[in-house]
Structures are given as structure tokens and as C-alpha cells.
Amino acid sequence: MRSFDALVAEGASVPTEGWDFSWFEGRATEARPSWGYARSMAGRLAGATAVLDVQTGGGEVLDFALQAAGPDRAPLVVATEGWAPNVAEATRLLRPRGVPVVASADDAPLPFADGAFDLVVSRHPVEPHWDEVARVLASGGAYYAQHVGPASVFELVEYFLGPLPEETRRHRHPERERAAAEAAGLEVVELRAERLRMEFFDIGAVVHFLRKVVWMVPGFTVEAYRDRLRDLHARIQADGPFVAHSSRQLFDVRKP
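Nothing here was measured: the structure is a model prediction, and the numbers come from that model.

K.L.:
Quick question: what am I supposed to make of a nonpolar patch on the surface here?
P.N.:
Together, Val126, Val214 and Trp215 make up a nonpolar patch on the protein surface, roughly 260 Å² of accessible area in all. Following the sequence through the fold, Val126 ends up in the loop between β5 (117-123) and α5 (130-136).

Structural data, given as C-alpha cells:
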């Protein structure tokens, strides 16, 4: 059984660029939504002509979908990303597929003309900017996205931060997002939501997760939370994996 210090040091040293979570194999698990977003996105890519992937991360999901779509993929595919290390990672991955990656801050207007795309996709945007999505979509175009839902992984978040206000827990509620999409002039064709079991098998996985998904515990560092990490390490050793639940929602939206 590895020591607390060894596990924490490992979790603190692993690079965090991109959205490849393969390092967690054997260290943590997360159930996947029943709709299989990346594969279903591939089907959408095969039926479109001009596609925008918003906040592509390291480009891994789009790369998978492009491979799955094969030669039937849309002839024009563009991605945006706001975090510089991910821009570099996504460019490395997507350039060979003919996909330009545009550096664009997550809260900035999308740097494209009105009606430029017949399909906009996004997996886990920081915030969905519905007005901008509506603007860049052509009439009859679609927005197909998987969002993070309310109170996602809050068992872990509240372990470190303590109980959060109910308003914080309701942030990203699917019905609020539906209302915001409709206020932007979009039609929500389908909205599905699921809560999915997660397990963390060692404290190194917890450290790496909180370094990678930085908005979970803002300002997280090992030094600031060493005592809580040590207590959680002891809890995992005594009781088994730390269990939390992610929250995911699927939006299939149309512009009339």
C-alpha cells in the first residue's frame, strides 16, 4: 500500500493538458451517460456541411468523432478553445485532420460570421452562450451538446469547501438552461439528464482530478488542503473508494 506522500506527489506531478483521462484507469471510474455523446456526435458530423466545436479542450472528443464519421464527415470543421495549453494540444491532434483550432476566450463572442454553421457541438462548455450559438447557426441548424449538470461531483467539492448554498447547487439546472436557450430564439428538441456514479480509489487520483478540473475547488493546491487530503486518504484506506456522482445533460437544439 503506497504512502500518502507518494500518492499525493504523483497526483501533483501528472500533466493536466487536454481532456484525456486515461491516466485514471485503475485509479478512478466514472459511469458514462446512456446516450454515448462522442459516437452520436459522429453521426451528426456525417450529416452536416459546416461544423463548429466550441471549447474543444484538447480535441480528443472531436478527434474520436471525426474518426468514427470517416469519409462522410462534414467538409468544413472548425474548433475553438480558450486555454492556451489546450489550444496547443488540440492543434497538434486536429491539424492532421484538416481542422483549424481558433484561440478564443470562453466568455468572448464567437469569432465567426452570422449563420456560418449548420451544426454547433460542444462537450462540457464552461457556460453555454446561447445568444452566440443562435447567432452563428444557420436557419434550420442544430446545436448538439453534452453539458455538465447541477451539483456535479459535489460530494467531493463539499468535502473540501463545506456545504454550498442551494442557489449554487442549482446552477446549470437543465430547466434553467432550457429557458435560456428558448430566450435566445432556439427550440429544444430533446433534453436528457443523468446522474452517474464516480469512484476515487486513491488520494493521488483525487489530487490529479482537482488539478485538472480546476473549477471544482477553485484555487486548489496540495499545500492549502493537505490536512483534508490526509483525512480523505485515511478514509479511503479504511472504507474503500470515495463515491461521488457526476451530472450530465444532453441538449439537441434547433434554430427555426
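K.L.:
Would you mind showing me how to read the packing of helix α9 (residues 203-212) against helix α10 (residues 226-239) here?
P.N.:
A packed helix pair is summarised by two numbers, namely the angle formed by the two axes and the spacing between the axes. It is at 9 Å that the axes of α9 and α10 come closest, and there the two elements cross at 135 degrees. Considering their axes alone, α9 and α10 lie oblique with respect to each other. Residues Ile203, Val206 and Val207 of α9 touch α10, and the partners they reach there are Leu229, Leu232, His233 and Ile236.

K.L.:
Even after reading the chapter, I still don't get the pattern of salt bridges, so can you show me in this structure?
P.N.:
Opposite charge on two side chains permits pairing when their charged atoms draw close. Enumeration over the complete set of coordinates arrives at 17 salt bridges. With its nearest N and O atoms 3.1 Å apart, the salt bridge here joins Glu10 to Arg27. Of this pair, Glu10 sits in helix α1 (residues 4-13) while Arg27 sits in the loop between α1 and β1 (28-30), placing them 17 residues apart in sequence. Its relative accessible area of 12% is what places Arg27 among the buried residues. In this structure, Glu132 engages Arg135 in a salt bridge whose closest nitrogen and oxygen atoms are separated by 2.8 Å. Note that Glu132 and Arg135 are positioned in helix α5 at a spacing of 3 residues, about one turn of the helix. Judged by its relative accessible area of 17%, Glu132 is buried. Residue class for Arg135 comes out partly exposed when judged on its relative accessible area of 23%. Several salt bridges converge on common partners, so that one network encompasses Arg2, Glu10, Arg27 and Asp202.

K.L.:
What should I look at first to understand the layout of surface pockets in this one?
P.N.:
Summary: where empty space remains is shown by rolling a probe the size of a single water molecule over the atoms. Each pocket or cavity is described by its volume, and for the largest pocket that value is around 780 Å³. The residue inventory of the lining of the largest pocket, partitioned by class, reads 16 nonpolar, 6 polar and 7 charged. In terms of lining residues, the second largest pocket is bounded by 25 residues, among which Trp19, Gly57, Glu81, Asn86 and Trp215 are the most central. Those elements giving two or more residues to the lining of the second largest pocket turn out to be α2 (37-46), α3 (60-69), β5 and α9.

Rules used throughout
- Residues numbered from 1 in each chain as written.
- Predicted model: local features only at pLDDT ≥ 70, side-chain atom pairs only at ≥ 80, totals over all residues.
- Heavy atoms only, no water.
- Patch = residues over 30% accessible without salt bridge, like charges linked within 9 Å, V, L, I, M, F, W, Y side chains within 5 Å.
- Areas by Shrake-Rupley, 256 points an atom, 1.4 Å probe, with all protein chains shown as cover.
- Salt bridge = Lys/Arg side-chain N within 4 Å of Asp/Glu carboxyl O.
- Helix = DSSP H or I, 4+ residues; strand = E, 2+ residues; numbered from the N terminus.
- Axes fitted to C-alpha atoms, helices over the stretch in contact; angles between N-to-C directions.
- Parallel < 35°, antiparallel > 145°, perpendicular 65-115°, else oblique.
- Contact = heavy atoms within 4.5 Å.
- Buried < 20%, exposed > 50% of the residue type's maximum accessible area, 1.4 Å probe, protein only.
- 1 Å grid on protein atoms, 1.4 Å probe; cavity = no way out; pocket = protein on both sides within 12 Å on 5 of 7 lines; lining within 4 Å.
- Points joined across faces, edges and corners; volume = space filled by probe spheres on them.
- Nonpolar A, V, L, I, M, F, W, Y, C, P; charged D, E, K, R; others polar.

Any link to function would need more than the numbers given here.
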